[in-house]
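Chain by chain, the residues:
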Amino acid sequence: MTKLHVSTTINGDPFEFLCTPDETLLDVLRNRLGLTGAKEGCGTGDCGACSVTVNGRLVCSCLVLGAEAEGAEVTTIEGMAEGDDLHPLQRHFIEGAALQCGICTPGILVAAKALLEKNPDPSDEELRYWLAGNLCRCTGYDKIIRAVQAAAAEMRGA
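Keep in mind the model is a prediction, meaning the values are calculated, not measured.

### Details of the overall build of the protein
Scanning the protein for helices and strands turns up five helices and five strands. Secondary structure elements of the protein, listed N to C terminal, follow the sequence β-β-α-β-β-β-α-α-α-α. What you see for the protein is a C-alpha radius of gyration of 16 Å, in line with the 15 Å of a compact globule of 158 residues. If one aligns the C-alpha atoms of the protein with their principal axes, the spans along those axes are about 50 × 30 × 25 Å. Every one of the 158 residues in the protein was classed for burial, and the buried ones make up 44%. The contacts of the protein with a sequence gap of at least 6 include a subset with a gap of at least 24, amounting to 53%. Taken as a whole, the protein presents about 8200 Å² of accessible surface, with 50% of it coming from carbon and sulfur. Between the centroid of the 13 positive side chains of the protein and the centroid of its 22 negative side chains there is a distance of 5 Å.

Next up, the structure:
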C-alpha cells in the first residue's frame, strides 16, 4: 500500500512521518512516533481514552486519519507538562487521587485542558458535560471534577 508523507507539529515540535491512507492518528502517534500517552480504549470514539487536540479542537485520535494531521498542530498528553513541571491539572489529579489505572487519565486531562482554555471558570455541570465523552471504570467522577476545579482555580489565580 502506498504511504503518505505527512508534515505536522506535535506538542510544538515539527514532525514528519509516513503512514498508510487508512492509518489512524492514534496508531501513528503510538506506533510510528512513540507517543504512547493516548490509549486505545474502544477504537470507536466512545471512550475518550485517545483524546488529543488538532488545531485546538478536541478529537478522538482513533477516529482521525494520520494523514489529516498534515499541516496541523497536534497536542497530546506528552505536551502537557513543561519539562519536569507538571501542568496544574496533572498535579491536582495526583494530589486529589483522581486517577487509578491510567488508561482514561491522559484523555481526561487533554479534554479538561481544552475546556479550561475555552472556559477558565466552568461550573460543575459544564465540566461534567464537557467530560461526558471520557469514560472511566476505576474511579468516581467526583474526584476528577474536584481536581479539575482545583486546577482551574489555581490557573485563574483564585
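Anyway, onward from the coordinates.
### Quick look at the sheet that holds strand β1 (residues 4-10)
Taken together, five strands build an open sheet; the order of strands is β2-β1-β5-β3-β4 and the sheet is mixed. Each edge of the open sheet carries a strand with a single partner, namely β2 (13-19) and β4 (57-60). Across the sheet, the axes of successive neighbouring strands diverge by a mean angle of 40°, strand direction being ignored. Sheet topology note: the strand β3 (residues 51-54)/β4 ladder contains four bridges and is antiparallel. Directly across from V54, in β4, lies its bridge partner R57. Where helix α1 (residues 25-32) meets the sheet, it contacts β1, β2, β3 and β5 (73-75), and its direction lies at approximately 105° from that of β2. Sheet strands touched by helix α3 (residues 105-118): β3 and β4. Its angle to β3, the strand with the most contacts, is close to 40°.

### Some thoughts on a nonpolar patch on the surface
A contiguous nonpolar patch, built from L86, I94 and L99 and spanning about 250 Å² of accessible area, is present on the exposed surface. Mapped onto the elements, I94 comes out in helix α2 (residues 88-95).

### Quick notes on the packing of α3 against helix α5 (residues 141-156)
Running from amino to carboxyl end, α3 crosses α5 at an angle of 40°, the nearest separation of the two axes being 11 Å. Considering the angle they form, α3 stands oblique to α5. The handedness of the crossing between α3 and α5 comes out as right-handed. Where α3 abuts α5, its residues I108, A112 and L116 lie against I144, V148, A152 and M155.

### Remarks on the side chain of S61
In this structure, S61 sits in the loop between β4 and β5. Side-chain polar atoms of S61 contact the backbone oxygen of C50, separated by 2.8 Å. In this view, S61 contacts T24, L25, L26, A38, C50 and V52; residues no more than four positions away in its chain are not counted.

### Observations concerning the layout of surface pockets
Here the largest pocket is characterised by a volume of approximately 190 Å³. Taken together, G41, C47, A49, C101, I103, C104, L135, C136, R137 and C138 form the lining of the largest pocket. Looking at the lining of the largest pocket residue by residue, the class counts come to eight nonpolar, one polar and one charged.

### Some details on the environment of Q90
With respect to the helices and strands, the residue Q90 is situated in helix α2. Taking the relative accessible area as the measure of exposure, Q90 reaches 13% and is therefore buried. Taking the C-alpha atoms as reference points, Q90 and E70, separated by 20 residues in sequence, lie 29 Å from one another. Non-local contacts of Q90, meaning those with residues more than four positions away in its chain, are made with I77, M80, A81 and L109.

Thresholds, definitions, all that
Residues numbered from 1 in each chain as written. Predicted model: local features only at pLDDT ≥ 70, side-chain atom pairs only at ≥ 80, totals over all residues. Heavy atoms only, no water. Helix = DSSP H or I, 4+ residues; strand = E, 2+ residues; numbered from the N terminus. Rg over C-alpha atoms; globule rule 2.2 N^0.38 Å. Buried < 20%, exposed > 50% of the residue type's maximum accessible area, 1.4 Å probe, protein only. Contact = heavy atoms within 4.5 Å. Areas by Shrake-Rupley, 256 points an atom, 1.4 Å probe, with all protein chains shown as cover. Lys, Arg positive; Asp, Glu negative; His and termini not counted. Charge placed at Lys NZ, Arg CZ, Asp CG, Glu CD. Pairing = 2+ DSSP bridges. Axes fitted to C-alpha atoms, helices over the stretch in contact; angles between N-to-C directions. Patch = residues over 30% accessible without salt bridge, like charges linked within 9 Å, V, L, I, M, F, W, Y side chains within 5 Å. Salt bridge = Lys/Arg side-chain N within 4 Å of Asp/Glu carboxyl O. Parallel < 35°, antiparallel > 145°, perpendicular 65-115°, else oblique. Left-handed = near helix turned anticlockwise from the far one by under 90°. Polar contact = N/O pair within 3.5 Å; in protein donor to acceptor, adjacent residues only side chain to side chain. 1 Å grid on protein atoms, 1.4 Å probe; cavity = no way out; pocket = protein on both sides within 12 Å on 5 of 7 lines; lining within 4 Å. Points joined across faces, edges and corners; volume = space filled by probe spheres on them. Nonpolar A, V, L, I, M, F, W, Y, C, P; charged D, E, K, R; others polar.

Fair warning: the whole summary comes from geometry, so function is off the table for now.
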